[in-house]
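# Summary of the model geometry
Below, each chain spelled out in residue letters.
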Amino acid sequence: MNKQTEVQVIIGGRQITLSGYESGEYLQRVASYINQKQELFSNQESYRYLDSDLKGVLMQLNIADDYFKLKKQMEEETESNDAKSEEIFHLKHDLISLQTKLEAVEKELSKLKTEKLEEEKKNIRLEAELSECRKNLKKYEQTNK
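Parameters and conventions
- Residues numbered from 1 in each chain as written.
- Predicted model: local features only at pLDDT ≥ 70, side-chain atom pairs only at ≥ 80, totals over all residues.
- Heavy atoms only, no water.
- Patch = residues over 30% accessible without salt bridge, like charges linked within 9 Å, V, L, I, M, F, W, Y side chains within 5 Å.
- Areas by Shrake-Rupley, 256 points an atom, 1.4 Å probe, with all protein chains shown as cover.
- Salt bridge = Lys/Arg side-chain N within 4 Å of Asp/Glu carboxyl O.
- Lys, Arg positive; Asp, Glu negative; His and termini not counted.
- Charge placed at Lys NZ, Arg CZ, Asp CG, Glu CD.
- Buried < 20%, exposed > 50% of the residue type's maximum accessible area, 1.4 Å probe, protein only.
- Helix = DSSP H or I, 4+ residues; strand = E, 2+ residues; numbered from the N terminus.
- Expected span 1.5 Å × (residues − 1).
- Polar contact = N/O pair within 3.5 Å; in protein donor to acceptor, adjacent residues only side chain to side chain.
- Core = buried A, V, L, I, M, F, W, Y, C linked by side-chain atoms within 4.5 Å.
- Contact = heavy atoms within 4.5 Å.
- Pairing = 2+ DSSP bridges.

### Here's the deal with a negative patch on the surface
Together, Glu-75, Glu-76, Glu-77, Glu-79, Asp-82 and Glu-86 line one region of the surface with negative charge. In this structure Glu-75 comes out as partly exposed when scored by relative accessible area, which is 40%.

### Notes on helix α3 (residues 52-143)
With 92 residues, α3 ought to run about 136 Å at 1.5 Å a step, and its terminal C-alpha atoms sit 133 Å apart, in line with that. Residue Asp-51 occupies the N-cap position of α3, its side-chain oxygen lying 3.1 Å from the main-chain nitrogen of Asp-53.

### What to know about the nonpolar core
The biggest cluster of nonpolar side chains holds five residues, and these are Val-7, Val-9, Ile-11, Leu-27 and Ala-31. Only β1 (5-11) and α1 (24-42) provide two or more residues apiece to this core. At three residues, β1 tops the list of elements feeding residues into this core. Excluding anything up to four places from it in sequence, Val-9 contacts Arg-14, Gln-15, Ile-16, Leu-18, Leu-27, Gln-28 and Ala-31.

### Let's talk about the pairing of β1
Bridge count between β1 and strand β2 (residues 14-20): seven bridges; the pairing is antiparallel. Its bridge partner being in β2, Thr-5 is matched across the sheet by Gly-20. Following β1, the chain reverses through two residues before pairing antiparallel with β2; Gly-12 in that reversal takes a positive phi of roughly 60°.

Taken by themselves, the reported measurements are silent on function.
Below is the structure:
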């Protein structure tokens, strides 16, 4: 388990000791965020005249608003990532299917090339035999005249 951290921070001009299992740097960032929110509100004229309880409630509402907006954004990003992951899965599946088809077509092409070569060899043999037969036929005709 992580070691508990204590860090002195200044929030709203007051020094406060924060403790938690997060790093001191993280706790300082949290305090800085709160100070930025307080400064943002303090710059508004109407905020200055509210009592401290109402100021605290408005601050809490604003921070909760930030939280829910970020949570919604994160959920949308997660949904988008899930949709992209599913699309990638389907694309990979399609790619594998196409690769399999390509391999089958390449095998068929190779087989057809081999058959064509054999047919060309057979054709050459037959042409040679035909030529030989024609020669023999000419000799036969010349001898039988």
